[in-house]
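A structural walkthrough
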Amino acid sequence: MKNKKITLIRASIIAFYSVCLIIFIYVMVKKPLENDIYHLLGHVVEIGFHCPSCGLTRAVYCIATFQFGKAFYYHAFFTSTLPILGYIFLTLTVNLFMGKKIIPYPKNYSVYLYVYFGLYIAFAVLRNFTSVIY
């Protein structure tokens, strides 16, 4: 029973990273700085405000092409917290894939995720009411 659970977790991890790779390849081929692709699904309603993910695709493209200043301009919050997100994904992936704790992570990392998403929501709201945060 435990082997089936580990196999399912490993398959889920591989599927997740495969989808991320396909999306990354799509973004690299479409070149969002040259073409007008803001979201994979497009804007549903234009209301005059920046959505929380506005600029995220362009920021990922700029990071992949080592244009960190532009990446910070397009989405400052994501660019600033990328090392933290990378560590979280690395620890969760390695520990889940191997089935045991190999890389240490905080005991209550869910609290950190709640704080992260709270800051992300605050950033999303503040970027619409200030000219400093794009």
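From a predicted model like this one, the values you see are computed outputs, not experimental measurements. (Residues numbered from 1 in each chain as written. Predicted model: local features only at pLDDT ≥ 70, side-chain atom pairs only at ≥ 80, totals over all residues. Heavy atoms only, no water.)

1. Structural notes on the overall build of the chain
On a plain count of helices and strands, the chain comes out with five helices and zero strands. Across the chain, helices and strands are ordered from the amino to the carboxyl terminus as α-α-α-α-α. Looking at the chain as a whole, 22% of its 134 residues are labelled buried. A fraction of 49% describes how many contacts in the chain between residues 6 or more apart in sequence connect residues 24 or more apart. Counting every atom, the chain has about 9,800 Å² of accessible surface; 71% of that belongs to carbon and sulfur. (Helix = DSSP H or I, 4+ residues; strand = E, 2+ residues; numbered from the N terminus. Buried < 20%, exposed > 50% of the residue type's maximum accessible area, 1.4 Å probe, protein only. Contact = heavy atoms within 4.5 Å. Areas by Shrake-Rupley, 256 points an atom, 1.4 Å probe, with all protein chains shown as cover.)

2. Remarks on the layout of surface pockets
The calculated volume of the second largest pocket comes to roughly 210 Å³. Around the second largest pocket, the lining comprises 14 residues; the ones closest to its centre are Ile84, Ile88, Pro106, Tyr109 and Tyr112. For the lining of the second largest pocket, the element with the highest residue contribution is helix α4 (residues 76-98), accounting for seven residues. Here the residues of the lining of the second largest pocket are counted per class, giving 12 nonpolar, two polar and no charged. (1 Å grid on protein atoms, 1.4 Å probe; cavity = no way out; pocket = protein on both sides within 12 Å on 5 of 7 lines; lining within 4 Å. Points joined across faces, edges and corners; volume = space filled by probe spheres on them. Nonpolar A, V, L, I, M, F, W, Y, C, P; charged D, E, K, R; others polar.)

3. Here's the deal with the packing of aromatic side chains
Taken as a whole, this structure holds eight aromatic pairs when the rule is applied. Ring centres of Phe66 and Phe68 lie 6.2 Å apart, and the angle between their planes is 70°; this geometry places the pair in the edge-to-face category. Classification of Phe68 by relative accessible area gives partly exposed; the value is 46%. Pairing Tyr116 with Phe117 gives two aromatic rings, centres 5.7 Å apart and planes at 80°, and the pair type is edge-to-face. Each member of the aromatic cluster is reached from another via a ring pair, and the members are Phe77, Tyr116, Phe117, Tyr120 and Phe123. (Phe/Tyr/Trp six-rings, centres within 6.5 Å; stacked < 30°, edge-to-face > 60°.)

4. As for α4
Because each turn of an α-helix spans 3.6 residues, side chains separated by three or four positions in sequence point in the same direction. Here α4 spans 33 Å end to end across 23 residues, near enough to the 33 Å set by a 1.5 Å rise per residue. In the stretch just after α4, Gly99 is the one whose phi turns positive, near 80°. (Expected span 1.5 Å × (residues − 1).)

5. Describing the packing of helix α1 (residues 2-30) against helix α2 (residues 56-64)
The N-to-C vectors of α1 and α2 enclose an angle of 85°; their axes lie 10 Å apart at closest approach. Classified by the angle their axes make, α1 and α2 are roughly perpendicular. Note on element contacts: α2 touches α1 through Thr57, Val60, Tyr61 and Ala64, opposite Phe24, Val27 and Met28. A per-class count over the contact of α1 with α2 returns six nonpolar, one polar and no charged. (Axes fitted to C-alpha atoms, helices over the stretch in contact; angles between N-to-C directions. Parallel < 35°, antiparallel > 145°, perpendicular 65-115°, else oblique.)

6. Quick look at the nonpolar core
A general trend in soluble globular proteins is that nonpolar side chains are found buried together. Of all hydrophobic cores here, the largest spans 12 residues; its members are Ala59, Cys62, Ile63, Ala71, Tyr74, Ala76, Phe77, Phe78, Leu85, Tyr116, Tyr120 and Phe123. At the level of elements, α2, α3 (68-74), α4 and α5 (109-126) are the ones that each hand at least two residues to this core. At four residues, α4 tops the list of elements feeding residues into this core. Once you skip the residues sitting within four places of it in the chain, Ala59 turns out to touch Ala71, Tyr74, His75 and Thr79. (Core = buried A, V, L, I, M, F, W, Y, C linked by side-chain atoms within 4.5 Å.)

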